[in-house]
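# Observations on the model geometry
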Amino acid sequence: MPARRHRIRTGDCFECIVAAYERRLLAYVTRLTGNPSVSEDIVQNVFFKFAASWRGEISDGPVLSSWLYRVAHNEAVDWVRRESRRIEVHEKHENERMENAGRGHEYTDAAYLAESALMSLSERERNIVILRVYEEKSYKEIAEITGLSVGNVGFILHGAMKKIAENLSSNGVADV
């Protein structure tokens, strides 16, 4: 069945665009991610980006459709890649934990010292390190999340990482 073209005249409301494309984009992104809940978030981000960046006349057709699908595709692929890396890290950590549990240790000594060093930071420093290292957020994203400037995020992160390195070094962890 050929795709049905929607008529969106110049000056029509943003809601008309959402109504015309939301279901199709949700179905597409769900096929890519396999996760309907995440797909809703991704499609919502697509429409936020559309509202923030689209200039000129709005008319349904290949340009609008391609743009929306391209942004949805990129967002979905980015999510799948992040999720794959996150799963890999969690599986590696769980495997290490299970190996060490057999020896009576929940963590390796280095992992325990690293967690202790992280916990020795102030809450603000710890949150920024977690966002950067574990959540893989950019400085700009961290700034938006925390309400700090990008420069301040960099300054705090640099100081926090230096404290962690000093803590680990003083506890005999090499190659810090």
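Structure: see above.
A brief look at the structure comes next. A quick note: this is a predicted structure, and the numbers were derived from the prediction, not measured.

## Here's the deal with the overall build of the protein
Looking only at helices and strands, one finds 7 helices and 0 strands in the protein. Scanning the protein from its N terminus toward the C terminus, one meets helices and strands in the order α-α-α-α-α-α-α. Nonlocal contacts in the protein, meaning residues at least 24 apart in sequence, comprise 52% of its contacts between residues at least 6 apart. About 12,000 Å² of surface is accessible on the protein, with carbon and sulfur atoms providing 52% of the total.

## Remarks on the nonpolar core
Where a protein is soluble and globular, its nonpolar side chains tend to be buried together. Counting residues in each nonpolar core, the largest one holds 20 residues, and the members touching the most others are Tyr21, Leu25, Phe47, Phe50 and Leu68. Looking at this core, the elements that each hand over two or more residues are α1 (14-33), α2 (36-53) and α3 (62-101). Among the elements that line this core, the one with the most residues is α3, at 7 residues. Excluding residues within four positions of it along the chain, Leu68 makes contact with Ile17, Tyr21, Leu25, Val46, Phe47 and Phe50. Counting 14 residues, the second-largest nonpolar core is a separate cluster that includes Ala117, Ile142, Ile156 and Leu168.

## Let's talk about the layout of surface pockets
In this model, the largest pocket occupies a volume close to 810 Å³. Val89, His93, Ala114, Val133 and Tyr134 are the residues nearest the centre of the largest pocket, which is lined by 22 residues in total. At the level of secondary structure, the elements contributing two or more residues to the lining of the largest pocket comprise α3, α4 (109-119), α5 (123-134) and α7 (150-170). Residue classes in the lining of the largest pocket are distributed as 10 nonpolar, 3 polar and 9 charged. Space inside the second largest pocket adds up to approximately 370 Å³. Taken together, Trp79, Arg82, Arg85, Arg86, Glu135, Glu136, Lys137, Lys140, Glu141 and Glu144 make up the lining of the second largest pocket. The element contributing the most residues to the lining of the second largest pocket is α3, with 4 residues.

## Observations concerning a nonpolar patch on the surface
A contiguous nonpolar surface patch, about 290 Å² in accessible area, is contributed by Val133, Tyr134 and Met161. As for its placement among the helices and strands, Val133 is situated in helix α5.

## Considerations on α1
At Tyr21, α1 shows its maximal kink, close to 45°. Along α1, the positions that sit buried rather than exposed are Ile17, Val18, Ala20, Tyr21, Leu25, Val29 and Thr33. Two residues or fewer past α1, Gly34 is found with a positive phi of approximately 75°.

## Let's talk about the pattern of salt bridges
Using the criterion set out here, one finds 5 salt bridges in the structure. One salt bridge in this structure joins Arg85 and Glu136, with 3.3 Å as the shortest N-O distance. Taken together, the residues span a long stretch of sequence, with Arg85 in helix α3 and Glu136 in the loop between α5 and α6 (139-146) at a distance of 51 residues. Across the pair Glu125 and Lys163 runs a salt bridge, and its minimum N-O distance is 2.7 Å.

## Points about the packing of α5 against α7
The interhelical angle for the contact between α5 and α7, taken along N-to-C directions, is 95°, at an axis separation of 9 Å. By the angle class used here, α5 and α7 are roughly perpendicular. Within the contact between the two elements, α5 uses Arg124, Glu125, Ile128, Val129, Arg132 and Val133 and α7 uses Val153, Ile156, Leu157, Ala160, Met161, Lys163 and Ile164. A breakdown of the residues in the contact of α5 with α7 according to their chemical character gives 9 nonpolar, no polar and 4 charged.

## What to know about the packing of α1 against α2
At a minimum axis separation of 9 Å, α1 and α2 run at an interaxial angle of 140°. In this view, α1 runs oblique relative to α2, as classed from their interaxial angle. For the pair α1 and α2, the crossing hand works out as right-handed. Here Phe14, Ile17, Val18, Tyr21, Glu22, Leu25, Leu26, Val29, Thr30 and Thr33 of α1 come into contact with α2, specifically with Pro36, Ser39, Glu40, Ile42, Val43, Val46, Phe47, Phe50 and Ala51. Of the residues in the contact of α1 with α2, the class split is 14 nonpolar, 3 polar and 2 charged.

Definitions and limits used
- Residues numbered from 1 in each chain as written.
- Predicted model: local features only at pLDDT ≥ 70, side-chain atom pairs only at ≥ 80, totals over all residues.
- Heavy atoms only, no water.
- Helix = DSSP H or I, 4+ residues; strand = E, 2+ residues; numbered from the N terminus.
- Contact = heavy atoms within 4.5 Å.
- Areas by Shrake-Rupley, 256 points an atom, 1.4 Å probe, with all protein chains shown as cover.
- Core = buried A, V, L, I, M, F, W, Y, C linked by side-chain atoms within 4.5 Å.
- Buried < 20%, exposed > 50% of the residue type's maximum accessible area, 1.4 Å probe, protein only.
- 1 Å grid on protein atoms, 1.4 Å probe; cavity = no way out; pocket = protein on both sides within 12 Å on 5 of 7 lines; lining within 4 Å.
- Points joined across faces, edges and corners; volume = space filled by probe spheres on them.
- Nonpolar A, V, L, I, M, F, W, Y, C, P; charged D, E, K, R; others polar.
- Patch = residues over 30% accessible without salt bridge, like charges linked within 9 Å, V, L, I, M, F, W, Y side chains within 5 Å.
- Salt bridge = Lys/Arg side-chain N within 4 Å of Asp/Glu carboxyl O.
- Bend = angle between axes of the 7 residues up to and from the residue.
- Axes fitted to C-alpha atoms, helices over the stretch in contact; angles between N-to-C directions.
- Parallel < 35°, antiparallel > 145°, perpendicular 65-115°, else oblique.
- Left-handed = near helix turned anticlockwise from the far one by under 90°.

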